[in-house]
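# Analysis of the macromolecular model
The lines below spell out each chain.
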Amino acid sequence: MVITTLADNITRGFENIGDTVSETFFEPVIRLGVTGLSRAGKTVFITSLVANLMDRGRMPALLAASEGRISAAFLQPQPDDTVSRFDYETHLAALTSPDPRWPDSTRAISELRLSLRVRPSGLLSGLTGPRTVHLDIVDYPGEWLLDLGLMDKDYAEWSRMVMTSLERREEASAFLEGARGADPDAAWEEPQIKALAERYTETLHAGRDAGLSGLTPGRFLLPGDMAGSPALTFAPLPPAARPARRGLWREMERRFNAYKREIVTPFFRDHFSRIDRQIVLVDALGAIHAGPRAVADLQTTMTDVLAAFRPGTNALLSRLFLGRRVEKILFAATKADHLHHTQHPRLTAIMEALIREARDRADFAGAETAGMSIASLRATVEETREHQGRTLDCVRGTLLETGQQAALYPGELPETPQTLLGAAQTGRESWLDAEYEIMKFAPARLGLKPGEGPPHIRLDRAAQFLLGDRL
Ligand code: GDP
């Protein structure tokens, strides 16, 4: 629609000018997007990153910190009044209490501004005094990125795609029966639409519980503050040749279009298009544990998620970005503290292989990318044990459910990622020749010394990649 296009362009145009002016003359701002599918570890990552930027004793690989150039780090009011503030204090309190707990996970978008007083490095160091760099951290569900795929589809295409993918799934049978039984031309009533939408949402939840990730619309799983609105109350239906104007099918189509217009577009326009640096967190170990289908699905979903970082491939994004781009993207496999460090390179290789296909297709419009395995909050210690004549590299921690100490040998990840990814493509229910265990560990009780943030694995390297050049 021409009017929307024009309005979007104008808003972005002004923002671009605003950004440039403030960067040149005032204080530079880095907008760091943190995303990943539900439970990937976004909340823990942001909480630990901020705590470790405030107390930098465990951040040697962040050069500005190890060179002593960061003199202060403090939280400030965020620039966007209409976005929730990331509840850093509550989340940190949960992790650092005498009885530590994992914080509540991300359910919608939130933001936090951390400001750093930094002395410039190199040639500039003698010429200018310390300056303030603002780090605006934007936390949002990865599920919302999947909705980008809806923007180029109409209701009929989307419905066809979803109905086909549901056919093979047992958990979808109740929904499919309802959708096929509905008369597309009959006058509709709200309870009928609500029931179909609820059944469809249940199907999406069941799919997610089975470890699947490519589920749309993303807001049906994480509705944020829009729960219950008509734009979130619709479902796919079988194709209809010439649907009646006031019938059920047309009403579903109308709501699908409202969802795209009122929910998806504003998110990409107001938030996503302003991000400079991005970290995508991936619970690769969780998917491996769930089995080959979950890994295959994760790979497809990663390709869909990554499409959002290639503005050229999507009309909406090209319009919003206006040639601007995300400068750096880090793909991080999280919860690496479930593995002994000897296996970390294999996890990183799997992570890189997962995104390779997407990366090979386009270079993310010139963004610099990297893959890593990290643990935002290390909940385990390493231990080598003898077991039935074998020496096993394990990790030990406190089990979340029982509070007991336990050692975990998660299984050996293959040397070449293709062994795993190839097996995932076969559609088998379980891995043939290997088993991958995972346990839920509670966060360890922390006795932090002054100047030290929470323990982590490679959080400092992640920070260096994402922010180092701007500090
Ligand atoms: P979000 O949904 O992406 O915000 O995910 P969270 O940050 O809430 O993390 C989900 C769960 O993953 C947490 O409750 C923890 O159980 C686990 N988790 C996250 N990060 C780590 C980590 O670094 N180490 C370990 N062992 N578990 C983690």
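Anyway, here's the lowdown on the structure attached to this text. (Residues numbered from 1 in each chain as written. Predicted model: local features only at pLDDT ≥ 70, side-chain atom pairs only at ≥ 80, totals over all residues. Heavy atoms only, no water.)

## Things to note about the overall build of the chain
Regarding its fold elements, the chain presents 17 helices and eleven strands. Computed over its C-alpha atoms, the radius of gyration of the chain comes to 23 Å, within 12% of the 23 Å expected for a compact globule of 471 residues. Summarising its shape, the C-alpha atoms of the chain cover approximately 70 × 65 × 40 Å along the three principal directions. Looking at the chain as a whole, 51% of its 471 residues qualify as buried. In the chain, the proportion of contacts linking residues at least 24 apart, taken out of those at least 6 apart, comes to 78%. (Helix = DSSP H or I, 4+ residues; strand = E, 2+ residues; numbered from the N terminus. Rg over C-alpha atoms; globule rule 2.2 N^0.38 Å. Buried < 20%, exposed > 50% of the residue type's maximum accessible area, 1.4 Å probe, protein only. Contact = heavy atoms within 4.5 Å.)

## Thoughts on the site of the ligand
Near the ligand lie 18 residues; those nearest to it are Arg 39, Lys 42, Thr 43, Ser 105 and Asp 337. Backbone polar atom of Lys 42 to an oxygen atom of the ligand: 2.8 Å apart, as the coordinates give it. Here an oxygen atom of the ligand and a side-chain polar atom of Thr 43 are 2.6 Å apart. When each cavity is represented as a set of grid points, the ligand is found to reside in the largest pocket. (Near = heavy atom within 4 Å. Polar contact = N/O pair within 3.5 Å; in protein donor to acceptor, adjacent residues only side chain to side chain. 1 Å grid on protein atoms, 1.4 Å probe; cavity = no way out; pocket = protein on both sides within 12 Å on 5 of 7 lines; lining within 4 Å. Sits in = over half its atoms within 2 Å of the grid points.)

## Things to note about empty space enclosed by the protein
Within the structure shown, the criterion is met by two cavities of 30 Å³ or more. For the largest cavity, the full set of lining residues is Leu 285, Ile 288, His 289, His 338, Leu 339, Pro 410, Gly 411, Leu 413, Tyr 436, Glu 437 and Ile 438. Here the lining of the largest cavity is built from residues that sort into seven nonpolar, three polar and one charged. (Points joined across faces, edges and corners; volume = space filled by probe spheres on them. Nonpolar A, V, L, I, M, F, W, Y, C, P; charged D, E, K, R; others polar.)

## Re the layout of surface pockets
It is a probe the size of a water molecule, rolled over the atoms, that shows where empty space is left. Empty space within the largest pocket amounts to approximately 1,200 Å³. Together, 50 residues line the largest pocket, and Ser 38, Arg 39, Ala 40, Asp 283 and Lys 335 are the ones closest to its centre. Here the residues of the lining of the largest pocket are counted per class, giving 25 nonpolar, 16 polar and nine charged.

## Description of the nonpolar core
The biggest cluster of nonpolar side chains holds 86 residues, and the ones touching the most others in it are Phe 268, Phe 272 and Phe 309. When residues of this core are assigned to domains, at least three map to each of domain 1 (2–140 + 271–379 + 447–470) and domain 2 (154–267). Ranked by size, the runner-up nonpolar core spans 39 residues in total, among them Ala 40, Ala 65, Leu 114 and Leu 330. (Core = buried A, V, L, I, M, F, W, Y, C linked by side-chain atoms within 4.5 Å. Domains from an automatic or database assignment.)

## Quick notes on the sheet that holds strand β10 (residues 390–398)
Strand order in this open sheet of three strands is β9-β10-β11, and the pairing throughout is antiparallel. Edge strands, defined here as strands with exactly one partner in the open sheet, are β9 (381–387) and β11 (405–408). Each neighbouring strand pair of the sheet contributes to a mean axis angle of 40 degrees, computed without reference to strand direction. One ladder, built from seven bridges, connects β9 with β10; its direction is antiparallel. (Pairing = 2+ DSSP bridges. Axes fitted to C-alpha atoms, helices over the stretch in contact; angles between N-to-C directions.)

## As for unusual backbone geometry
Within the chain, Arg 39 stands out as a residue other than glycine whose phi angle is a positive 70 degrees. With respect to the element layout, Arg 39 can be found in the loop between β1 (29–36) and α2 (42–54). The class for Arg 39 is exposed, based on a relative accessible area of 54%. Positive phi, close to 60 degrees, is recorded for Lys 335, a residue that is not glycine. With respect to the helices and strands, the residue Lys 335 is situated in the loop between β7 (328–333) and α15 (344–361). By relative accessible area, which is 26% here, Lys 335 ends up partly exposed.

## Things to note about the environment of Ala 296
Mapped onto the secondary structure, Ala 296 falls in helix α13 (residues 292–307). Among the residues examined, Ala 296 registers a relative accessible area of 17% and is labelled buried. Taking the C-alpha atoms as reference points, Ala 296 and Ala 156, separated by 140 residues in sequence, lie 26 Å from one another.

## Structural notes on the side chain of His 338
With respect to the secondary-structure elements, His 338 resides in the loop between β7 and α15. One polar contact links the side chain of His 338 to the main-chain carbonyl oxygen of Lys 335, over a distance of 3.0 Å. Excluding residues that lie within four positions of it along the chain, His 338 makes contacts with Leu 285, Val 395, Leu 408, Pro 410, Ile 438, Met 439 and Phe 441.

## Structural notes on the packing of helix α7 (residues 155–166) against helix α11 (residues 248–270)
Each pair of packed helices gets described by two things: the angle between the helix axes and the distance between those axes. The geometry of α7 relative to α11 is characterised by a closest axis approach of 10 Å and an angle of 100 degrees between their N-to-C directions. Considering the angle they form, α7 stands roughly perpendicular to α11. Mapping the contact onto sequence places Tyr 155, Ala 156 and Trp 158 in α7 and Trp 249, Met 252, Glu 253 and Phe 256 in α11. Partitioned by chemical class, the residues of the contact of α7 with α11 number six nonpolar, no polar and one charged. (Parallel < 35°, antiparallel > 145°, perpendicular 65-115°, else oblique.)

## Focus: the packing of aromatic side chains
Scanning the model with the defined rule gives 19 aromatic pairs in all. With centroids separated by 5.1 Å and ring planes inclined at 70 degrees, the aromatic side chains of Phe 220 and Phe 234 adopt a geometry described as edge-to-face. Of the two residues, Phe 220 sits in helix α10 (residues 218–221) while Phe 234 sits in the loop between α10 and α11, which places them 14 residues apart along the sequence. Phe 234 sits in the buried class, given a relative accessible area of 0%. Here Phe 272 and Phe 309 contribute two aromatic rings whose centre-to-centre distance is 5.4 Å and whose plane-to-plane angle is 55 degrees, an arrangement assigned as tilted. (Phe/Tyr/Trp six-rings, centres within 6.5 Å; stacked < 30°, edge-to-face > 60°.)

Structural measurements only, silent on function.
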